[in-house]
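Listed here are the chains, written in short residue letters.
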Amino acid sequence: MSGIDAVRKIVETEGQARRIVDEAKVRAQQIISQTSQEAEMLRQEALSSAQKQREEILRMAREKAEAEARQSDVETEQLLKNYRKLAESRRDDAVSKALELILSG
């Protein structure tokens, strides 16, 4: 192999090395871009899932609070009825006793 052939071979090898490096850079950039897209997609999925869980928790809490409020209304109404009955009973007793006193006296 002559000196000129050796120089040609070196230049050719350097050219191949540059192409390999350039191809590797392009491929690395593609991998970075793809990984970034996948990471963003996973982030969006996680956010969406968290939002759905939040909405479900809020819905369940609201339903529970509404059910408790309805139950409280029922219990309060029952207490009011009981107090009215008691008050009416005591009033009737008081009227009866007053009539007894008036009529017997």
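All figures in this text were calculated on a predicted structure; none of them were measured in a lab.

A. Inspection of the overall build of the chain at higher detail. For the chain, the count of helices and strands is 1 helix and 0 strands. With respect to the three principal axes, the spread of C-alpha positions in the chain is 150 × 10 × 10 Å. Considering the chain as a whole, with its 105 residues, one finds that 1% of them fall into the buried category. Charged side chains in the chain number 19 positive and 20 negative. The centres of these two groups are separated by 2 Å.

B. Looking closely at the pattern of salt bridges. Across all of its chains, the model carries 6 salt bridges by this definition. Between glutamate 40 and arginine 43 there is a salt bridge, and its shortest N-O distance comes to 3.8 Å. Of this pair, glutamate 40 and arginine 43 both sit in helix H1 (residues 3-104), 3 residues apart, which is roughly one turn of that helix. Residues glutamate 63 and arginine 59 are paired through a salt bridge, measuring 2.5 Å at the closest nitrogen-oxygen approach. Of this pair, glutamate 63 and arginine 59 both sit in helix H1, 4 residues apart, which is roughly one turn of that helix. With a relative accessible area of 40%, glutamate 63 lands in the partly exposed category.

C. Summary view of a nonpolar patch on the surface. There is a patch of nonpolar side chains on the surface, built from Val95, Leu99, Ile102 and Leu103 and spanning about 440 Å² of accessible area. Checked against the element boundaries, valine 95 lands in helix H1.

D. A look at the environment of leucine 79. Inspection of the secondary structure assignment puts leucine 79 in helix H1. In this structure leucine 79 comes out as partly exposed when scored by relative accessible area, which is 45%. As a C-alpha pair, leucine 79 and alanine 98 span 19 residues in sequence and 28 Å in three-dimensional space.

What counts, and at which threshold
Residues numbered from 1 in each chain as written. Predicted model: local features only at pLDDT ≥ 70, side-chain atom pairs only at ≥ 80, totals over all residues. Heavy atoms only, no water. Helix = DSSP H or I, 4+ residues; strand = E, 2+ residues; numbered from the N terminus. Buried < 20%, exposed > 50% of the residue type's maximum accessible area, 1.4 Å probe, protein only. Lys, Arg positive; Asp, Glu negative; His and termini not counted. Charge placed at Lys NZ, Arg CZ, Asp CG, Glu CD. Salt bridge = Lys/Arg side-chain N within 4 Å of Asp/Glu carboxyl O. Patch = residues over 30% accessible without salt bridge, like charges linked within 9 Å, V, L, I, M, F, W, Y side chains within 5 Å. Areas by Shrake-Rupley, 256 points an atom, 1.4 Å probe, with all protein chains shown as cover.

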